[in-house]
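# Inside the fold
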Amino acid sequence: MKRNWEQELTRVINAVLLAAFSYSIWLTVLPLIIPPASAIFGGVALMIGIGAALFSADFSNFKAVPAFKPLLVGGLILPFWPIARIFVMPLVNRK
């Protein structure tokens, strides 16, 4: 199986960009709601990282240069994406 390394590198860079965008949103808002030293705060940070890897692999517009709107939507739903993809991906892949 031959891989297109340029496309894979672009996907990884986009995942890092998406994670940074999501961190800037969630880690700015969450300290207003929960204390930063709580385990929930660390869990959200971990879920953002996992969600960025899965989100950029699931959608084709993150394998190229993504637009602002997918970045914004992705940044908002990224902590919930590992769980939500169980329900969303069968609907997206259904033809």
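Check the entry above for the structure.
Per-chain numbering applies: the sequence of each chain, read as written, is numbered from 1 onward. Owing to the predicted nature of the model, reporting of local features is limited to residues with pLDDT of at least 70; listing and counting of side-chain atom pairs is limited to 80 or more, with chain, interface and lining totals taken over all residues. Calculation of side-chain values draws on the structure's entire complement of heavy atoms; hydrogens and water are dropped beforehand.

## Considering the nonpolar core
- We define a nonpolar core as any set of buried Ala, Val, Leu, Ile, Met, Phe, Trp, Tyr and Cys residues linked to one another through side-chain atoms lying within 4.5 Å. Here the term buried applies to any residue with accessible area under 20% of the maximum for its type, exposed to any over 50%, and partly exposed to those in between, with areas from a 1.4 Å probe on protein chains only. Within the largest apolar cluster, 14 residues are counted, with the highest numbers of intra-cluster contacts made by Leu18, Leu30, Ile48, Phe55 and Leu78.
- Each helix is a run of H or I in the DSSP string that is no shorter than four residues. Each strand is a run of E no shorter than two, and both are numbered from the N terminus. Only helix 1 (5–33), helix 2 (39–58) and helix 4 (81–93) provide two or more residues apiece to this core.
- Examining the composition of this core, we find that five residues originate from one element, helix 2, more than from any other.
- Contact between two residues is taken to exist if any of their heavy atoms lie within 4.5 Å; hydrogens are not considered. Not counting the four nearest positions on each side in its chain, Ile48 is found in contact with Ala19, Ser22, Tyr23, Trp26, Leu78 and Pro79.

## Details of the environment of Asp58
- In this structure, Asp58 sits in helix 2.
- Sequence separation between Asp58 and Lys69 is 11 residues; the distance between their C-alpha atoms is 16 Å.
- With near-sequence residues (within four places) excluded, Asp58 lies in contact with Trp81, Arg85 and Met89.

## Quick look at the packing of helix 2 against helix 4
- Axes, fitted as lines to C-alpha atoms, cover a helix only where it is in contact. Angles between the N-to-C directions of the axes lie from 0 to 180 degrees. Close contact between helix 2 and helix 4 brings their axes to 9 Å; oriented N to C, the two are set at 30 degrees. With respect to their mutual orientation, helix 2 and helix 4 come out roughly parallel. Of helix 4, the residues touching helix 2 (which contributes Met47, Ile50, Gly51, Leu54, Phe55 and Asp58) are Trp81, Pro82, Ile83, Arg85 and Met89.
- Note on residue classes: Ala, Val, Leu, Ile, Met, Phe, Trp, Tyr, Cys and Pro are nonpolar, Asp, Glu, Lys and Arg are charged, and everything else, Gly too, is polar. Grouping the constituent residues of the contact of helix 2 with helix 4 by class yields eight nonpolar, one polar and two charged. Any angle that is under 35 degrees is reported as roughly parallel, and any over 145 degrees as roughly antiparallel; angles of 65 to 115 degrees are reported as roughly perpendicular and all others as oblique.

## Here we look at the packing of aromatic side chains
- Stacked, tilted and edge-to-face pairs are distinguished by plane angle, under 30 degrees for stacked and over 60 for edge-to-face with tilted covering the rest, among Phe, Tyr and Trp rings (Trp via its six-membered ring) whose centres lie within 6.5 Å. On inspection of all chains with the given rule, the structure shows two aromatic pairs.
- Measuring from ring centre to ring centre gives 5.1 Å for Phe55 and Trp81, while their planes differ by 80 degrees; the resulting arrangement is edge-to-face. In this pair, Phe55 is assigned in helix 2 and Trp81 in helix 4, connecting sequence segments 26 residues apart. In terms of burial, Phe55 and Trp81 fall into one category: buried.

## Some points on a nonpolar patch on the surface
- Each patch is built from residues that are more than 30% exposed by relative accessible area and take part in no salt bridge. Like charges join if they lie within 9 Å; nonpolar side chains (Val, Leu, Ile, Met, Phe, Trp, Tyr) join within 5 Å. Using a 1.4 Å probe, accessible areas were evaluated by the Shrake-Rupley method; residue-level cover was limited to the displayed protein chains. Throughout this description, the term salt bridge denotes a Lys or Arg side-chain nitrogen within 4 Å of a carboxyl oxygen of Asp or Glu. Together, Phe68, Leu72, Val73, Leu76 and Ile77 make up an exposed nonpolar region whose accessible area comes to about 420 Å².
- Here Phe68 shows up in helix 3 (residues 68–77).
- Assessed through its relative accessible area of 55%, Phe68 is described here as exposed.

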